Amino acid sequence: MSHGPVIGPNGPGVIRMSEASPRRFTTADKAILELLGGDVGYLDRFRKVTTLSRQVRSSEYLLTNACNIRCEGCWFFEYDFDKTTTELKSIEGIRAFAEKERARGVNYAIIIGGEPALIPDRIAAFISVMDYVTISTNGLKPLPVEGFENVAVQISLFGGGELDDKLRAIKPGGKRFTGLFDTALRNYEGDRRACFVFAITEDGIDHIEPTVRRIHENGNRVSLNFYSKYHRDEPLRMQNAPRLVDEALRVKELYPNTLLTVPYVIRTIVTGESHWGTFGYDVCPSLSVDHPSHAARLANGNPVLPRFNAWAADCNTVNFCCTSGHCEDCRDSQAVLSWILVSLERFRESGESLKTWIEISESYWKQFCWAPYDTRSTAAGQDLGRLTAASHEAGRPAGKRVALPLLAGGT
Ligand code: SF4
Ligand code: SF4
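Quick caveat, the model's predicted, so the values are computed rather than measured.

### Some words on the pairing of strand β5 (residues 108–111)
What you see with β5 is no split at all: Tyr108 and Ile110 on one side and Ala109 and Ile111 on the other are buried throughout. Across four bridges, strand β4 (residues 58–61) lies against β5 in parallel orientation. Residue pairing for β5: tyrosine 61 is matched across the bridge by isoleucine 111. Sheet topology note: the β5/strand β6 (residues 132–137) ladder contains four bridges and is parallel. Bridge assignment links alanine 109 to a residue of β6, and that residue is valine 133.

Structure, rendered in structure tokens:
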């Protein structure tokens, strides 16, 4: 017996969830429902993500030029962002700046660096003004909990396994150390605020599964980024892109709740291709709307993030965009995700496509503890249950690669 919604004789205008409570829908809801084949559950999920998207208005703040390590491939130091401005250090000055931003309509601060965990008092100035705060950290120094309970912490990770130390465990003076990932895991064990952002690379394909497993066992979640090698001859012309995608998809199947990135996005961050086009400056929405270089881009009709600016550490200079400004090398996962999220119209071609967009959106918001998608307490248990069941499957080869259809959802 089906327990699905009942579509009335006049189409999906009135849908009976139960005899006692017939539900009425707006004209817009009816159109969405028709596309979704009458699936009220997906309509509700659609409304939830679109409502959240409308109420969150982000900008990015560098806040410090200092970092306690020197990663290979870090755009911030590769392109001398630390030298072009002087940090604003006055807490009162930073709070006043945050208030100006708030008056501009921004209510979500994405705080990057440098290393934000070195300057908790500056983060606190933003917390007192903004509704939502996320920091991006290398995980070496923990962000305190008290006073920062609802700050989402994105912990960057390059390559996985021993590659992470090879690429990142380097002190500012050049001295190498070991155990950066181990330290980050210890600092954020079971911490609901934490989500690792794991930049996968073709040199580290074999590290993907063990790295995601450790994050899973640590009670955290992870989304994928793509590691591009700045100043290399062939940064994005990879030999092993299909292998990298297949392995990431296989690991997504093993850890569907711990690994947030859905199959569609995995393909797009590695290849730069969506089902309607190629990621690049002309379509990238994560640029600073007040930067003078973007007049032609803003006029080309492709969507941008409303009111988004990336601010330098002087709290006065608007940088080009959320990352390096070197678009030819760019496969920044948050920019790619933003591109997909602002391109809802491209996903209205079918119900399956729209469901994929909804799942992508949910996977995006699940990265942040302050968003209403914090399922962390159950996510690890769900994946554990799946893995236990999978281990009983007869004859499944350990390294099997699973190719999923292009528009399959995965959360
Ligand atoms: S931790 Fe971040 S800011 Fe510091 S060197 Fe690495 S990528 Fe750059
Ligand atoms: S560097 Fe990347 S994020 Fe920045 S504008 Fe270019 S494509 Fe967008």
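Having seen the model, we can carry on.
### Points about the sheet that holds strand β9 (residues 221–226)
Spatially, eight strands are ordered β9-β8-β7-β6-β5-β4-β10-β11 in an open sheet, and the strand pairing comes out mixed. The sheet terminates laterally at β9 and β11 (318–319), the two strands that pair on one side only. Across the face of the sheet, helix α11 (residues 263–271) comes into contact with β8 (194–200) and β9 while running at roughly 30 degrees to β9.

### Points about the site of ligand 2
By nearness alone, every residue bordering ligand 2 is listed as Phe279, Tyr281, Cys284, Phe320, Cys321, Cys322, Thr323, Gly325, His326, Cys327, Cys330 and Ala335. Its residues assigned to classes, the shell around ligand 2 shows nine nonpolar, three polar and no charged.

### Here we look at the site of ligand 1
The local shell around ligand 1 consists of Cys67, Ile69, Arg70, Cys71, Cys74, Phe77, Gly114, Asn138 and Arg168. A per-class count over the shell around ligand 1 returns five nonpolar, two polar and two charged.

The rules behind each value
Residues numbered from 1 in each chain as written. Chains lettered and ligands numbered in written order. Predicted model: local features only at pLDDT ≥ 70, side-chain atom pairs only at ≥ 80, totals over all residues. Heavy atoms only, no water. Buried < 20%, exposed > 50% of the residue type's maximum accessible area, 1.4 Å probe, protein only. Helix = DSSP H or I, 4+ residues; strand = E, 2+ residues; numbered from the N terminus. Pairing = 2+ DSSP bridges. Contact = heavy atoms within 4.5 Å. Axes fitted to C-alpha atoms, helices over the stretch in contact; angles between N-to-C directions. Near = heavy atom within 4 Å. Nonpolar A, V, L, I, M, F, W, Y, C, P; charged D, E, K, R; others polar.

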